[in-house]
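Listed here are the chains, written in short residue letters.
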Amino acid sequence: MFRRLPALVACIIILAGFPASAQEVRGRASVVDGDTIEISGERIRFNGIDAPESWQRCKDAAGKEYRCGKEAAFALGEWLAASRPTRCEFVERDRYGRMVANCFRADGASVADWLVRNGWALDWPRYSDGEFADAQEEARGAKRGVWRGTFEQPCEARAKRAKRTPSC
């Protein structure tokens, strides 16, 4: 028994170096807004994208205002409900303590890619290295989601509301 003790101690030391948040989170997702969900009490921000805020308004092709952030969140909720559970792979923690993750439905579909491809979120090259640029161009060309009219980039809308310079 004591011969295995050094190996056991080494395993404990190695595993102790990994934060619990580095683990995968899986479960039924509750939508907080267009780019944030909650699973088992863990707030999760999708990596590499930016969606309109729940309070944000956009304009459709006719110039009529609509709550694009609310529509994005609703569309996300419906889409996630069609294939549960949601699985998220830890990337990092943001400045608000939220888990930033790459998330997938039970059928393996990328949540971030779906949101951008359907026009409910934007590729955020600062964090994605352009991973969703093609999906964004597809959405823009097809006039899906926010691309059906005019909108302010979410990072600019947040900065304007907080009366600070955007850092998009």
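Just above, that's the structure.
In this report, we go over the structure that sits alongside the text. Everything numeric in this text was worked out from a predicted model, so none of it was measured.

Topic: the overall build of the protein
Part 1 of the reasoning: Regarding its fold elements, the protein presents 6 helices and 10 strands.
Part 2 of the reasoning: When the 168 residues of the protein are sorted by exposure, 39% land in the buried category.
Part 3 of the reasoning: The contacts of the protein with a sequence gap of at least 6 include a subset with a gap of at least 24, amounting to 54%.

Observations regarding the nonpolar core
Part 1 of the reasoning: Counting residues in hydrophobic clusters, the biggest one holds 26 residues, and the most contacted among them are I37, I44 and L115.
Part 2 of the reasoning: When sequence neighbours within four positions are dropped, the list of residues in contact with L115 reads G34, F46, I49, L76, W120 and A121.
Part 3 of the reasoning: Formed by 7 residues, the second largest nonpolar core is a distinct cluster that contains Y66, C68, L122 and W147.

Observations regarding helix α5 (residues 133–142)
Part 1 of the reasoning: Along α5, the residues that are buried comprise A135, Q136 and A139. Projected down its long axis, α5 carries its buried residues within an arc of 100 degrees, all on one side. Across from the buried face of α5, at angles greater than 90 degrees, the exposed residues are D134 and G141.
Part 2 of the reasoning: Contacts from the buried residues of α5 go to α3 (111–117) and β10 (122–123).

With respect to the packing of aromatic side chains
Part 1 of the reasoning: Taken as a whole and judged by the stated rule, the model has 3 aromatic pairs.
Part 2 of the reasoning: Between the aromatic rings of W124 and Y127, the centroid separation amounts to 4.8 Å while the plane-to-plane angle is 80 degrees, which identifies the pairing as edge-to-face.
Part 3 of the reasoning: Judged by relative accessible area, which is 13%, W124 ranks as buried.
Part 4 of the reasoning: We classify Y127 as partly exposed; its relative accessible area is 39%.
Part 5 of the reasoning: Pairing W147 with F151 gives two aromatic rings, centres 4.9 Å apart and planes at 90 degrees, and the pair type is edge-to-face.
Part 6 of the reasoning: For F151, a relative accessible area of 24% translates into the label partly exposed.
Part 7 of the reasoning: Lying across the ring of W79, R105 places its NZ or CZ 4.1 Å from the centre.

Thoughts on the pairing of strand β2 (residues 30–33)
Part 1 of the reasoning: Pairing between β2 and strand β3 (residues 36–39): 3 bridges, direction antiparallel. Looking at the pairing, D33 lines up with T36 of β3.

Re the environment of R87
Part 1 of the reasoning: Assignment of secondary structure puts R87 in strand β8 (residues 86–93).
Part 2 of the reasoning: With 62 residues separating them in the primary sequence, R87 and V25 have C-alpha atoms 5.8 Å apart.
Part 3 of the reasoning: Ignoring anything within four residues of it in the chain, the contact list for R87 reads E24, V25, R26, N102, C103 and F104.
Part 4 of the reasoning: Side-chain polar atoms of R87 contact the side chain of E89, separated by 2.4 Å.

Things to note about unusual backbone geometry
Glycine aside, the phi torsion of most residues is negative, and most peptide linkages are trans.
Part 1 of the reasoning: With an omega dihedral of 0 degrees, the bond running from R84 to P85 counts as a cis peptide bond.
Part 2 of the reasoning: For S40, which is not a glycine, the phi torsion comes out positive at approximately 50 degrees.
Part 3 of the reasoning: By the element assignment, S40 lies in the loop between β3 and β4 (42–46).
Part 4 of the reasoning: Using a relative accessible area of 71% as the deciding quantity, one classes S40 as exposed.
Part 5 of the reasoning: Non-glycine residue D129 carries a positive phi angle of around 55 degrees.
Part 6 of the reasoning: Structurally, D129 is set in the loop between α4 (125–128) and α5.
Part 7 of the reasoning: Taking relative accessible area as the criterion, D129 reaches 74% and is therefore assigned exposed.

Rules behind the numbers
Residues numbered from 1 in each chain as written. Predicted model: local features only at pLDDT ≥ 70, side-chain atom pairs only at ≥ 80, totals over all residues. Heavy atoms only, no water. Helix = DSSP H or I, 4+ residues; strand = E, 2+ residues; numbered from the N terminus. Buried < 20%, exposed > 50% of the residue type's maximum accessible area, 1.4 Å probe, protein only. Contact = heavy atoms within 4.5 Å. Core = buried A, V, L, I, M, F, W, Y, C linked by side-chain atoms within 4.5 Å. Arc of directions from axis to C-beta. Phe/Tyr/Trp six-rings, centres within 6.5 Å; stacked < 30°, edge-to-face > 60°. Lys NZ or Arg CZ within 6 Å of the ring centre and 35° of its normal. Pairing = 2+ DSSP bridges. Polar contact = N/O pair within 3.5 Å; in protein donor to acceptor, adjacent residues only side chain to side chain.

What is shown is where atoms sit, not what they do.
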